[in-house]
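Next come the chains, spelled out residue by residue.
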Amino acid sequence: MGKYDFPDAQGHFGRFGGIYMAETLIPAVEELRRQYLRFRDDPDFKAELAYELKHYVGRPSPIYHARRLSEHCGGAQLYLKREDLNHTGAHKINNAIGQALLARRMGKKRVIAETGAGMHGVATATVAARFGMECVVYMGAEDVQRQAPNVFRMKLLGANVVPVESGSRTLKDACNEAIRDWVTNVESTFYIFGTAAGPHPYPMMVRDFQCVIGNEAKSQMQEMIGRQPDVVIACVGGGSNAIGMFYPYIEETGVRLIGVEAGGFGIASGKHAAPLTANAKIGVLHGNRVYLMQDEDGQIIETHSISAGLDYPGVGPEHCLLKDLQRAEYVAINDDEAIAAFDALCRFEGIIPALESSHALAHAIKIAPSMRRDQVILVNLSGRGDKDMSTVARIKGITL
Amino acid sequence: MSRIQTVFERLQRQGRKALVPFITAGDPHPRLTVPLMHTLVEGGADLIELGVPFSDPMADGPTIQRASERALAHKVRLRDVLDMVAQFRQHDAQTPIVLMGYGNPIEAMGWETFAARCEEVGVDGVLTVDFPPEESSEAFAQLIRHHLDPILLLAPTTAPERVAAVVNAARGFVYYVSLRGVTGATHLDIADVAAKVAAIRSMTTLPVGVGFGVRDAATAKAIAAIADAVVVGSRIVQEIEHSGEQHAIPHVKKLMMELRAAIDGN
């Protein structure tokens, strides 16, 4: 593999990515790109971000050797990158704090965000409170229902949570509504986008802010086992935790990278959220060209996943490229397999994982038995599962 | 000469301004779309913008979102919209038609197939809200090869140097979005619009249309005084929504005649 250097100046990751936005927002994303490139390497900005990550987020997050679960699987050793231990309980804060610092430097006093499971909404509400900014979070009405604790958390933090009733009432509709807000309030407002997708520079910027995950993991693994893992696994909705973990490993070609999409009721059922695994056609939505779940007329189809954070018809452009380059593999884990992995981590390790992260874990549990005991799988445990209590209880037929 | 060019040249000779209504194909029901298009012409339309329904209309406000949802509930596809244009053309060979929508349904059909079919059925221009010129050179080349005008948007936020680049890629006319916001938003500042339209005119000889926020006859009249075309979208779609299938045609005709009279200064 030659030198990997993406995106290009126009935000293209090979044939993916780009800037597909209404004219009103083109100057806004252009300004964002200029400002981001200006501050990205600015020593003051970097120092402030490092300070916030250490003292506010609680980084570095540890890596934990899940010995009992590894023993149970009877093969490769499972290591967990504990993003669930970050402040607010997921990797989303890494990006939210980076974008909030940029918003402050751009003089924006109002931030908006879309959210699915609510973790990015909580992270955005948190940093808005931390920096005294007005915050509006758009959330699909269906997700408001299934993630009620996170809605309450956002409100406690002072955010205005707007339920979105249009379309499928999930993450993609929340994105549509946040974009409409941004079009209307473009001069006062910074859109803190939650995943490594959307128009350039978001896929690049979100990746850069999330790379702290993979960069830490590389030195931590070296310290713990004296080498890098054989396999690195992360779940993929839009793909921000996965790209943050994968990107520093791209040129380490001895490390297998596996992205795990939401298989829902199974790929064959059509009720899933796995555009890469299901070989979806390439299309354009939310500002970028990506593999996209759509019908034959180009209408976006409704997705299904037990996990609100993975319930999205597209995927970030860099994952599309990594699939084409065959540098990363993409697989799907169904709802029931994710729940089984969720249970296993609770019982064997005393860690309650997010349903999103349970997808990555499920694939690790699936392949570990076929690997040797001296081989190592590193799983990005992107978030904690407190927010999923009511969903899991409902599935188990329990009334809380 | 293209139908779009013919219309604008005729209006200029007559010292009149174009009235450009927008409706969503398939709203409120697919069988009403072609009759509604003829009604728009009878009510004084010079050019029709026909919306192609899309599942995720990010640049549209609630009124046009609902129109898209109603059309999609009737399973209206891009190929059905093209068939509607073909049907319209059986009785109207003059009125230009611009298809307006989002890029993905066209991507799914393929730009080459789409452009060829547009030419065959008598479409004159194509406006894809989420495809800026920077990402559209191949797509626009297909349109131009099939004698279709790529219609492009300019916004209040568009910087002067970018206006130059956009009008350079545009054909037919340019469409100035008169306010920040989604379709159907309010608060139009006429003096501000006039200044921006003048700035655009200094960079292109193409006619300039103004839309987004034209809510009534008075606004239409004020816009007609400063632009070559007045685009009315959400107000007409709202009339269709409120009238229902039974009354949509007479109500839309009445609204169109009011707008026409205001624009013509009567």
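Going by the structure above, here's the rest.
Conventions adopted
- Residues numbered from 1 in each chain as written.
- Chains lettered and ligands numbered in written order.
- Predicted model: local features only at pLDDT ≥ 70, side-chain atom pairs only at ≥ 80, totals over all residues.
- Heavy atoms only, no water.
- Helix = DSSP H or I, 4+ residues; strand = E, 2+ residues; numbered from the N terminus.
- Rg over C-alpha atoms; globule rule 2.2 N^0.38 Å.
- Buried < 20%, exposed > 50% of the residue type's maximum accessible area, 1.4 Å probe, protein only.
- Contact = heavy atoms within 4.5 Å.
- Areas by Shrake-Rupley, 256 points an atom, 1.4 Å probe, with all protein chains shown as cover.
- Lys, Arg positive; Asp, Glu negative; His and termini not counted.
- Charge placed at Lys NZ, Arg CZ, Asp CG, Glu CD.
- Salt bridge = Lys/Arg side-chain N within 4 Å of Asp/Glu carboxyl O.
- Pairing = 2+ DSSP bridges.
- Expected span 1.5 Å × (residues − 1).
- Arc of directions from axis to C-beta.
- Buried area = accessible area lost by both parts, 1.4 Å probe.
- Core = buried A, V, L, I, M, F, W, Y, C linked by side-chain atoms within 4.5 Å.
- Axes fitted to C-alpha atoms, helices over the stretch in contact; angles between N-to-C directions.
- Parallel < 35°, antiparallel > 145°, perpendicular 65-115°, else oblique.
- Left-handed = near helix turned anticlockwise from the far one by under 90°.
- Nonpolar A, V, L, I, M, F, W, Y, C, P; charged D, E, K, R; others polar.
- Phe/Tyr/Trp six-rings, centres within 6.5 Å; stacked < 30°, edge-to-face > 60°.
- Lys NZ or Arg CZ within 6 Å of the ring centre and 35° of its normal.

Novice: Tell me about the overall build of chain A, residues and numbers included.
Specialist: If you tally the helices and strands in chain A, you get 15 helices and 14 strands. The C-alpha radius of gyration of chain A comes to 19 Å, within 12% of the 21 Å expected for a compact globule of 400 residues. Taking all 400 residues of chain A together, the buried fraction comes to 66%. Counted over contacts in chain A with a minimum sequence separation of 6, partners at least 24 positions apart contribute 75%. Carbon and sulfur atoms make up 51% of the accessible area of chain A, which totals about 13,800 Å². Side chains of chain A give 43 positive and 46 negative charges; the mean places of these two sets differ by 3 Å.

Novice: Quick rundown of unusual backbone geometry? Include the residues and the values.
Specialist: All names here are of chain A. A cis amide bond, omega 0°, links Phe-6 with the succeeding residue Pro-7. Here Pro-7 shows up in the segment before β1 (12-13). One non-glycine residue, Gln-326, lies in positive phi territory at about 60°. Mapped onto the elements of the fold, Gln-326 is located in the loop between α12 (317-324) and β13 (328-334).

Novice: Describe the pattern of salt bridges, listing the residues and the values that go with them.
Specialist: All names here are of chain A. On inspection of all chains with the given rule, the structure shows 53 salt bridges over all chains. Asp-388 serves as the salt-bridge partner of Lys-387, at 2.7 Å between the closest nitrogen and oxygen. In this structure, Lys-387 and Asp-388 share a single accessibility class: buried. The network of salt bridges with common partners includes Glu-30, Glu-31, Arg-33 and Arg-34.

Novice: So what about the sheet that holds strand β8 (residues 208-211) of chain B? Which residues, and what values?
Specialist: Residue and element names in this part refer to chain B. If you trace the 9 strands from one edge of the open sheet to the other, you get β5-β4-β3-β2-β1-β9-β8-β7-β6, paired in parallel fashion. Each edge of the sheet is formed by a strand with only one pairing partner; in this case those strands are β5 (149-150) and β6 (152-154). In the sheet, β6 pairs with strand β7 (residues 174-177) via 3 bridges, with the strands oriented parallel. Its bridge partner lying in β7, Leu-153 is registered against Tyr-175.

Novice: Residue-level account of helix α1 (residues 3-14) of chain B, with values.
Specialist: Residues and elements named next belong to chain B. If you check α1, its first and last C-alpha atoms are 17 Å apart, about what 12 residues at 1.5 Å a residue would give, namely 16 Å. Among all positions in α1, only Ile-4, Val-7, Phe-8 and Leu-11 are buried. Taken around the axis of α1, the buried residues stretch over an arc of 90°, which confines them to a single face. Contacts from the buried residues of α1 go to β1 (18-24), β3 (97-101), β4 (125-128), β5 and β9 (229-232). Gly-15 occupies a position one or two residues after α1 and carries a positive phi of about 65°.

Novice: Describe the interface of chain B and chain A, with residues and values.
Specialist: A common way to state how big an interface is: give the accessible area lost once the parts meet. Chain B puts 35 residues into the contact, and the matching count from chain A is 36 residues. Roughly 2,800 Å² is buried in total at the junction of chain B and chain A, and carbon and sulfur atoms are behind 48% of that figure. The three residues of chain B that bury the most area against chain A are B:Met58, B:Asn104 and B:Glu135, which together make up 23% of that side's buried surface. The closest approach of N and O atoms between A:Arg289 and B:Glu107, which form a salt bridge, is 2.5 Å.

Novice: Summarise the nonpolar core; cite the residues concerned and give the values.
Specialist: Core analysis: the biggest nonpolar cluster contains 189 residues, and B:Leu99 and B:Phe114 have the highest contact counts within it. Sorting elements by how many residues they give to this core places helix α11 (residues 234-263) of chain B first, with 9 residues. Once residues lying within four places of it in the same chain are set aside, the contact partners of B:Leu99 are B:Leu50, B:Val52, B:Val81, B:Leu82, B:Val85, B:Phe114, B:Cys118, B:Val123, B:Gly125, B:Val126 and B:Leu127. Core analysis: the second largest hydrophobic core is formed by 30 residues, A:Cys73, A:Ile258, A:Ala273 and A:Ala360 among them.

Novice: Outline helix α2 (residues 43-57) of chain A, supporting the account with residue identities and numerical values.
Specialist: Residue and element names in this part refer to chain A. For α2, which comprises 15 residues, the first-to-last C-alpha distance of 20 Å matches the rise-based estimate of 21 Å (1.5 Å per residue) to within 8%. Within α2 the residues assigned to the buried category are Phe-45, Leu-49, Glu-52, Leu-53 and Val-57. For α2, the arc enclosing every buried residue in end-on projection is 95°, short of the 170-degree limit, so these residues lie on one face. Opposite the buried face of α2, by more than 90 degrees, sit the exposed residues Pro-43, Asp-44, Tyr-51, Lys-54 and His-55. For α2, the secondary structure elements touched by its buried residues are α1 (26-40), α4 (92-105), α5 (119-131), α9 (202-210) and α10 (212-225).

Novice: Describe the packing of α4(A) against α5(A), and please don't skip the residues or the numbers.
Specialist: Residues and elements named next belong to chain A. Following both chains from N to C, one finds α4 and α5 inclined at 40°, their axes separated by 9 Å at the closest point. Relative to α5, the element α4 is oriented oblique. α5 is crossed by α4, and the crossing has right-handed handedness. Each of Lys-92, Ile-93, Asn-95, Ala-96, Ile-97, Ala-100, Leu-101 and Arg-104 in α4 lies in contact with α5, whose residues at this interface are Met-119, His-120, Ala-123, Thr-124, Thr-126, Val-127 and Phe-131. In terms of residue class, the contact of α4 with α5 is built from 9 nonpolar, 4 polar and 2 charged.

Novice: Give a detailed account of the packing of helix α2 (residues 30-42) of chain B against α11(B), specifying residues and quantitative values.
Specialist: All names here are of chain B. Taken N-terminus to C-terminus, the directions of α2 and α11 make an angle of 20°; their axes are 8 Å apart at the nearest point. Taken together, α2 and α11 sit at an angle that is classed as roughly parallel. The crossing of α2 and α11 is left-handed. Where α2 approaches α11, its residues Arg-31, Leu-32, Pro-35, Leu-36, Thr-39, Leu-40 and Glu-42 are matched on the opposing element by Ile-240, Glu-245, Ala-248, Ile-249, Val-252, Lys-253 and Met-256. Partitioned by chemical class, the residues of the contact of α2 with α11 number 9 nonpolar, 1 polar and 4 charged.

Novice: Residues and numbers for the packing of aromatic side chains, please.
Specialist: Taken as a whole and judged by the stated rule, the model has 17 aromatic pairs over all chains. Taking the centre distance of 6.2 Å and the plane angle of 65° together, the rings of A:Tyr4 and A:Tyr247 count as edge-to-face. Placement of the pair is A:Tyr4 in the segment before β1 and A:Tyr247 in the loop between α11 (240-246) and β10 (256-264), with a sequence separation of 243 residues. Their ring planes at 45° and their centres at 5.1 Å tell us that A:Phe16 and A:Tyr291 sit as a pair that is tilted. A residue pair is termed long-range when its members are at least 10 positions apart, and A:Phe16 in strand β2 (residues 16-17) and A:Tyr291 in strand β12 (residues 288-291) qualify at 275 residues. Under the relative-accessibility criterion, A:Tyr291 is labelled buried at 9%. Site record: aromatic cluster; members linked through ring pairs are A:Tyr20, B:Trp111, B:Phe114 and B:Phe131. The aromatic ring of A:Phe39 is capped on one face by A:Arg105, whose charged end is 5.5 Å from the ring centroid. For the cation-ring pair, A:Arg207 lies above A:Tyr247, with the distance from its terminal atom to the ring centre recorded as 4.0 Å.

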